[in-house]
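# Coordinate inspection notes
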Amino acid sequence: METKVEQLDGGRVRLTVGVPAHDVAHAVSHATHDLAESVKIPGFRKGKVPMPVLVSKIGKERIYSEAIDTHLTGWFWSAANRARLRPAVFPNFDFELPSSDTEEWQFTAEFAVQQLPTPADWSSLEVPKLDVSVPETVVSTNLEILQRGHAELVPVEGRIAKFGDVAVVDIVAPEGAAQRGLVVELGSDRLIEEIENGIRDLAVGESHDVSYELADGSKRLATVTLTALYEKVLPPLDDAFAKAVSEFDSVDTLKADITDSLQSDVNAEIEDRFRAAAIDALVKASDVEASPLVVDVRFRDLWNNFLESIQSRGIDPGQYLSMSGVTPEDLERRLRAEATISVGRELVIEAVADKLGIAVSEEDLRSELKEQGESDEDIEDFIANRDTSAAREHLRFRRAVERIAAEVKPIAPELAEARESIWTPDKEQEQKGAETKLWTPGS
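These numbers come from a predicted model, not from an experiment. (Residues numbered from 1 in each chain as written. Predicted model: local features only at pLDDT ≥ 70, side-chain atom pairs only at ≥ 80, totals over all residues. Heavy atoms only, no water.)

A separate point is a negative patch on the surface. Where like charges cluster on the molecular surface, the negative patch consists of Asp238, Asp239, Asp249 and Asp252. Along the chain, the position of Asp249 falls in the loop between helix 6 (239–245) and helix 7 (251–285). (Patch = residues over 30% accessible without salt bridge, like charges linked within 9 Å, V, L, I, M, F, W, Y side chains within 5 Å. Areas by Shrake-Rupley, 256 points an atom, 1.4 Å probe, with all protein chains shown as cover. Salt bridge = Lys/Arg side-chain N within 4 Å of Asp/Glu carboxyl O. Lys, Arg positive; Asp, Glu negative; His and termini not counted. Charge placed at Lys NZ, Arg CZ, Asp CG, Glu CD. Helix = DSSP H or I, 4+ residues; strand = E, 2+ residues; numbered from the N terminus.)

As structure tokens, then:
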């Protein structure tokens with residue numbers, strides 16, 4: 001589907017869209033089927049009207065009109081997305097009906113596009129940034145996990161099972177179904193809670209009747225017998241252990257490596273949050289006015305993504321919401337708010353990229369894909385045979401975000417909170433303005 005964009009006065013564009021012949025034929029076929037299902041023609045049952053008879057009775061023009069009416073909007077949005085356009089209003093279409101379903105057809109759409117905001121001076125913004133060091137307790141926990149992974153299992157007698165033990169159990173239902181010799185570490189969440197709690201009341205050789213509830217609400221009974229019990233004996237945390245589980249010669253070096261790895265992860269998370277906070281601060285400082293249509297399109301994307309995610313896991317969306325205690329209205333409010341924030345961020349980032357004149361060359365894209373671990377062959381195939389506009393835009397926006405984050409002024413969160421708590425006349429005015437301009441779904 002080929003598209004052509006012409007810039008018009010007043011922030012409007014004209015989009016000319018070419019629709020391939022096979023898409024026209026597909027639309028006509030759908031329209032013919034739908035009309036055959038709904039049109040009453042004497043002597044034929046609905047859905048059984050032959051094509052020549054249908055055309056002779058209602059005319060080819062009505063079929064083609066139905067085909068265009070039902071497919072035009074989809075063709076338009078598909079073309080607008082490929083052209084990286086954000087319609088701020090629904091378009092005015094101009095076209096003539098196709099004369100054939102074997103030839104390419106085209107239409108034009110004129111509409112106002114979402115205008116980019118004028119970004120505020122981000123270098124003057126103060127943005128809170130955390131400074132977190134990995135606690136010693138977290139490092140110790142990671143070392144203990146390593147120890148547990150190399151622990152020795154020692155038989156236990158003379159006491160009941162407890163958290164962390166490795167139990168061997170038989171689970172037998174009254175009707176005879178059984179699972180024997182099941183090995184499970186208590187506390188690993190591998191068993192239903194009622195069954196695991198029953199095991200913790202047992203010593204080796206003892207049995208216990210357990211009642212538990214299934215997901216559908218039905219009750220089940222089972223007899224649980226503890227046939228064997230083991231406890232984990234951790235190896236000593238010494239240099240020999242470090243050599244056995246890693247490439248390091250001492251436990252101090254192993255500990256330092258774990259600390260560095262954890263700190264690197266923490267720093268990456270801090271940077272991600274700081275970049276997001278910097279963008280949000282810039283959105284707040286800039287005059288961002290997102291078109292309701294742009295927000296609505298983003299909301300529908302989020303809504304459809306939610307449904308696809310739930311259904312791909314075999315879960316009914318209605319049941320999921322019921323189990324989560326969320327109403328459809330609550331979900332819509334959340335997703336609309338998320339859409340509003342998302343669009344505001346995107347508009348500001350694009351405005352900054354334009355202001356800075358950030359451009360992404362083909363070589364830039366190659367370098368980026370190389371850093372991501374793509375092979376030279378895959379990179380060249382992507383550059384030569386795929387539409388790279390989305391990848392270029394993503395990299396362009398990322399560079400804009402990095403530039404903003406590098407130039408705002410990071411301050412301690414405590415200082416930001418202290419300043420936020422200080423009353424000023426302009427803050428009171430902001431609050432009054434917020435009360436009169438409170439965003440609501442559909443506003």
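Back to the text.
Counting 27 residues, the largest nonpolar core has Leu15, Phe76, Trp105, Phe107 and Phe111 as its most contacted members. Secondary-structure elements contributing two or more residues to this core are strand 2 (12–19), helix 1 (21–38), helix 3 (60–82) and strand 4 (105–112). With ten residues, helix 3 is the single largest residue contributor to this core. Beyond its immediate chain neighbours, meaning those up to four positions away, Phe111 contacts Gly11, Arg12, Val13, Leu15, Phe76, Leu85, Pro87, Val89 and Pro91. (Core = buried A, V, L, I, M, F, W, Y, C linked by side-chain atoms within 4.5 Å. Buried < 20%, exposed > 50% of the residue type's maximum accessible area, 1.4 Å probe, protein only. Contact = heavy atoms within 4.5 Å.)

Take the confidence of the model for the chain next. Scored by pLDDT, the chain has a mean of 89; 91% of the residues are at 70 or more. Counting contacts from residues 432–443, a segment whose pLDDT is below 50, to residues more than four positions away or on other chains yields seven contacts. (pLDDT = per-residue confidence, 0-100.)

A separate point is the pattern of salt bridges. One pass over the full model with this rule turns up 31 salt bridges. Between Arg84 and Glu393 there is a salt bridge, with the nearest N and O atoms lying 2.3 Å from each other. Pair noted here: Arg84 is in the loop between helix 3 and strand 3 (92–94) and Glu393 is in helix 13 (residues 389–407), with a separation of 309 residues, a long-range link. Note on Arg84: relative accessible area 42%, which makes it partly exposed. For Arg345, the salt bridge identified is with Asp280, shortest N-O distance 2.7 Å. You can see Arg345 sitting in helix 10 (residues 328–356) and its partner Asp280 sitting in helix 7, a full 65 residues away along the chain. Arg345 gets classed as partly exposed once you look at its relative accessible area, which sits at 30%. Overlapping salt bridges, with partners in common, bring together Arg86, Arg298, Glu346 and Glu350 in one network.

Each pair of packed helices can be summarised by the angle the axes make with each other and by the distance between the axes. Direction vectors running N to C along helix 1 and helix 3 enclose 120°, while the axes themselves pass 8 Å from each other. As far as their axial angle goes, helix 3 and helix 1 are oblique. Here helix 1 runs over helix 3; the crossing is right-handed. For the pair helix 1 and helix 3, the contacting residues are Asp23, His26, Ala27, Val28, His30, Ala31, Thr32 and Leu35 in the first and Arg62, Ile63, Tyr64, Glu66, Ala67, His71 and Trp75 in the second. Residue classes in the contact of helix 1 with helix 3 are distributed as eight nonpolar, four polar and three charged. (Axes fitted to C-alpha atoms, helices over the stretch in contact; angles between N-to-C directions. Parallel < 35°, antiparallel > 145°, perpendicular 65-115°, else oblique. Left-handed = near helix turned anticlockwise from the far one by under 90°. Nonpolar A, V, L, I, M, F, W, Y, C, P; charged D, E, K, R; others polar.)

The next point concerns the packing of aromatic side chains. Describing an aromatic ring pair means giving the distance of the ring centres and the angle of the ring planes. All told, the structure shown has ten aromatic pairs when counted by the stated rule. Between Trp75 and Trp105 the ring centres are 6.0 Å apart and the planes differ by 50°, which places this aromatic pair in the tilted class. Pair noted here: Trp75 is in helix 3 and Trp105 is in strand 4, with a separation of 30 residues, a long-range link. Grouping residues by exposure puts Trp75 and Trp105 together as buried. Linked through ring pairs, Trp75, Phe76, Trp77, Phe90, Phe93, Phe95, Trp105, Phe107 and Phe111 together constitute an aromatic cluster. Positioned over the ring face of Phe274 is Lys129, at 4.9 Å from the centre of the ring. (Phe/Tyr/Trp six-rings, centres within 6.5 Å; stacked < 30°, edge-to-face > 60°. Lys NZ or Arg CZ within 6 Å of the ring centre and 35° of its normal.)

Once that is clear, we can look at the side chain of Arg396. Along the chain, Arg396 falls in helix 13. You can call Arg396 buried: its relative accessible area is 17%. Engagement of the side chain of Arg396 in a polar contact is seen with the backbone oxygen of Ile358, the distance being 2.8 Å. Ignoring sequence-local partners within four residues, the contact set of Arg396 consists of Glu350, Ala353, Asp354, Ile358 and Val360. (Polar contact = N/O pair within 3.5 Å; in protein donor to acceptor, adjacent residues only side chain to side chain.)

The subject of this paragraph is the environment of Arg333. Among the structural elements, Arg333 can be located in helix 10. Residue classification places Arg333 among the partly exposed positions, given a relative accessible area of 41%. Taking C-alpha positions, Arg333 is 32 Å from Arg392, a pair spaced 59 residues apart along the chain.

Bridge analysis of strand 7 (residues 166–172) against strand 8 (residues 178–185) gives six bridges, and the strand direction is antiparallel. Within the sheet, the bridge partner assigned to Ile171 lies in strand 8 and is Gln179. Count of turn residues in the strand 7/strand 8 antiparallel hairpin: five residues, of which Gly176 carries a positive phi of about 110°. (Pairing = 2+ DSSP bridges.)

A separate point is the environment of Thr73. Within the secondary structure layout, Thr73 lies in helix 3. Taking the relative accessible area as the measure of exposure, Thr73 reaches 32% and is therefore partly exposed.

Right, let's get into the sheet that holds strand 3. In spatial order, the strands read 1-2-4-3; together these four strands make up an open sheet with antiparallel pairing. One side of each edge strand has no neighbouring strand; the edge strands of this open sheet are strand 1 (3–7) and strand 3. In this sheet, neighbouring strand axes are inclined to one another by 20° on average, regardless of whether the strands run parallel or antiparallel. Along the sheet, helix 3 makes contact with strand 1, strand 2, strand 3 and strand 4, crossing strand 4 at roughly 65°.

Let us now look at the packing of helix 11 (residues 362–371) against helix 12 (residues 376–385). Packing of helix 11 against helix 12 brings their axes to within 10 Å, and their N-to-C directions diverge by 140°. With respect to their mutual orientation, helix 11 and helix 12 come out oblique. Handedness of the crossing formed by helix 11 with helix 12: right-handed. Residue-level contacts link Glu362, Leu365, Arg366, Leu369 and Lys370 of helix 11 to Asp376, Ile379, Glu380, Phe382 and Ile383 of helix 12. For the contact of helix 11 with helix 12, the per-class residue count stands at five nonpolar, no polar and five charged.

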